[in-house]
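Structural features, examined
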Amino acid sequence: MFEKIKPPEEGEKIRYEDGKLIVPDNPIIPYIEGDGIGVDVVPAALMVLDAAAEKIGKEIVWFEIYAGEKAYKLYGEYLPKDTLNAIREFRVALKGPLTTPVGGGYRSLNVTIRQVLDLYACVRPVYYLKGVPSPLKNPEKVNLVIFRETTEDVYAGIEWPRGSKEALKIIEFLRKEFGIEVREDSGIGLKPISEFATKRIVRLAIRYALENERRVVTLMHKGNIMKYTEGAFREWGYEVAKEFGDKVITEEELWEKYDGEVPYGKVVINDRIADNMFQQLLTRTDEYDVIVTPNLNGDYISDMAAGLVGGLGIAPGSNIREDMGVFEPVHGSAPKYAGQNKVNPTAEILSGALMFEFLGWKEGAEMIKKAVEMTIQQKIVTYDLHRHIGGTLVGTREFAQAVVENLQSL
Ligand code: NAP
């Protein structure tokens with residue numbers, strides 16, 4: 001089944017049956033170390049995740065698979081079939097960052113992994129860890145989960161450079177068929193947004209909100225301008241909400257029937273225009289809870305939200321669908337720090353906590369978050385936080401060791 005990798009002999013496979021993940025106590029979980037600082041943050045995260053698993057009576061059997069530079073050395077390609085097959089087969093993987101060349105070279109491996117495996121939801125929780133420096137006065141009000149659709153929109157990769165025969169053909173087609181004039185020297189990109197892809201991610205977000213006792217699901221869109229893509233996202237979103245019957249209520253119902261208080265067991269669905277959303281996250285932070293949005297808006301708002309609570313070094317992420325997930329930090333491979341045992345492994349560790357949640361190991365996930373928070377409050381920090389709050393400056397590995405000690409004390 002695999003060309004150059006061999007799954008471990010111990011451990012069991014995670015399965016998916018009757019709409020549910022079946023997770024054994026000793027799952028085999030593939031991991032990709034990745035490029036740049038992956039070599040620092042991934043081993044640090046594995047150390048913490050092993051300790052957390054042990055604490056709740058589980059054992060993860062790690063299985064190294066390859067992408068990026070390490071894969072190129074072994075396979076002569078950056079994203080070998082073995083890697084995609086292993087994720088398909090074992091369903092859940094932890095990933096370090098991968099380098100993407102700008103303006104040419106190969107396409108982003110991260111985007112390719114999401115698209116090939118149809119991991120259509122990029123889910124990023126954004127919450128405040130006590131002790132982390134933040135530009136907000138009340139950063140504890142930030143507690144969001146952002147669901148970003150990742151297979152469509154202007155990120156679908158349907159684009160052609162200016163002057164290419166495809167671009168010129170489309171410009172000609174638009175002129176001839178629709179009388180629309182586009183400048184000849186334009187690059188062309190398409191923005192597809194479908195009912196299918198919209199409905200499945202909004203459904204996932206609402207289900208998540210109901211299962212995790214969240215109060216509000218906000219459809220973030222730019223439908224006032226892009227009516228048939230972003231506007232349609234909004235319409236289809238409200239249509240999906242109806243599938244949940246009286247468990248999902250509208251903003252009008254909230255005020256008419258419930259006096260503004262979201263009743264237990266229900267969630268409110270509302271929508272906001274994207275540009276407004278950016279200022280509202282700053283000015284009315286605690287009104288937002290679960291945000292679901294097309295690809296480009298989602299990319300922007302996720303990084304902005306991460307900035308509110310301490311930046312990229314600590315922001316975790318996941319790419320999921322119902323039966324599969326790849327968990328990775330929001331930050332990239334920061335090549336200038338690679339191999340220096342310097343950067344903050346928190347984002348990779350908390351991506352592991354998200355993976356625990358996906359596996360249904362919620363107690364373990366809470367312990368990881370708590371142990372990270374305790375470590376930062378003890379002011380045992382890597383350079384990025386040290387430059388803001390001082391304390392004891394440690395390396396990547398030493399930070400992870402401190403997290404493990406705190407975890408074991410819980
Ligand atoms: P980046 O790697 O995220 O680094 C940008 C800056 O963020 C770093 O210089 C550093 O800031 C800070 N930072 C990032 N990770 C940190 C950590 N763990 N601890 C502390 N600080 C951290 O972004 P980039 O330089 O734009 O991208 C580098 C490469 O990564 C590119 O090839 C890009 O395409 C790729 N990338 C990959 C992914 C992914 O794999 N999912 C995501 C984003 C980018 P200071 O120097 O100010 O301390």
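Going by the structure above, here's the rest.
Attention in this report is confined to the structure presented alongside it.

About the cut-offs
Per chain, the residues get numbers from 1 upward, laid out in the order the sequence is written. Note on the predicted model: pLDDT of at least 70 is required for a residue's local features to be given, and 80 or more for side-chain atom pairs to be given and counted; whole-chain, interface and lining totals, by contrast, use all residues. To get the side-chain values, all heavy atoms of the structure are used, and hydrogens and water are removed first. One heavy atom within 4 Å of a molecule or strand is enough for the residue carrying it to be called near that molecule or strand. Pairs of N or O atoms within 3.5 Å make up the polar contacts considered here, provided that, within protein, one atom can donate a hydrogen while the other can accept it, and that residues adjacent in sequence are counted only when both atoms are side-chain atoms. What sets the accessible areas is the Shrake-Rupley method with a 1.4 Å probe; for residues, cover comes only from the shown protein chains. Secondary structure follows DSSP: runs of H or I at least 4 residues long count as helices, runs of E at least 2 residues long count as strands, and numbering of each begins at the N terminus. Each residue receives one of three labels: charged for Asp, Glu, Lys and Arg, nonpolar for Ala, Val, Leu, Ile, Met, Phe, Trp, Tyr, Cys and Pro, and polar for the others, Gly being one of them. Salt bridge, as used here: a side-chain nitrogen of Lys or Arg that lies within 4 Å of a carboxyl oxygen of Asp or Glu. Accessible area is worked out with a 1.4 Å probe on protein chains only. A residue is then buried under 20% of its type maximum, exposed over 50%, and partly exposed in between. Contacts are assigned to residue pairs with any non-hydrogen atoms lying within 4.5 Å of each other. What goes into a patch is any residue over 30% in relative accessible area without a salt bridge, connected to like charges within 9 Å or, for nonpolar side chains (Val, Leu, Ile, Met, Phe, Trp, Tyr), within 5 Å. When charges are counted, Lys and Arg contribute as positive and Asp and Glu as negative, whereas His and the chain ends are disregarded. Positions of charges follow a simple convention, taking NZ of Lys, CZ of Arg, CG of Asp or CD of Glu.

1. What to know about the site of the ligand
The ligand sits among 23 residues. The nearest are Thr100, Gly332, Ala334, Tyr337 and Tyr383. One of the side-chain nitrogen or oxygen atoms of Asn110 is found 3.1 Å away from an oxygen atom of the ligand. In this structure, Ser333 approaches the ligand through a main-chain N or O atom, which is 3.0 Å from an oxygen atom. Taken by itself the ligand offers 890 Å² of open surface, and the protein chains cover 70% of this. The element best represented in the shell around the ligand is helix α13 (residues 383-389), accounting for three residues. Broken down by class, the residue content of the shell around the ligand amounts to 10 nonpolar, eight polar and five charged.

2. What about the pattern of salt bridges?
Counted according to the given criterion, the structure contains 31 salt bridges. Notably, a salt bridge pairs Asp275 with Lys222, separated by 3.0 Å at the nearest N-O pair. Remark: Lys222 occurs in the loop between β10 (216-221) and α7 (227-242) and Asp275 occurs in helix α9 (residues 274-283); sequence separation between them is 53 residues. For Asp275, a relative accessible area of 46% corresponds to the partly exposed category. In the salt-bridge network here, residues are joined through shared partners; they are Glu33, Glu64 and Lys70.

3. Points about the side chain of Lys95
Along the chain, Lys95 falls in strand β5 (residues 92-95). Its relative accessible area of 2% is what places Lys95 among the buried residues. Within the local environment of Lys95, its side chain forms a polar contact with the side chain of Asn110, the two groups lying 2.6 Å apart. At 2.5 Å, the side chain of Lys95 forms a polar contact with the side chain of Glu328. With near-sequence residues (within four places) excluded, Lys95 lies in contact with Ile32, Asn110, Ile113, Val326, Phe327, Glu328, Pro329 and Glu348.

4. Quick word on a negative patch on the surface
A surface patch of like charges, here negative, comprises Glu10, Asp50, Glu54 and Glu59. Of note, Glu59 is situated in the loop between α1 (38-55) and β4 (61-65).

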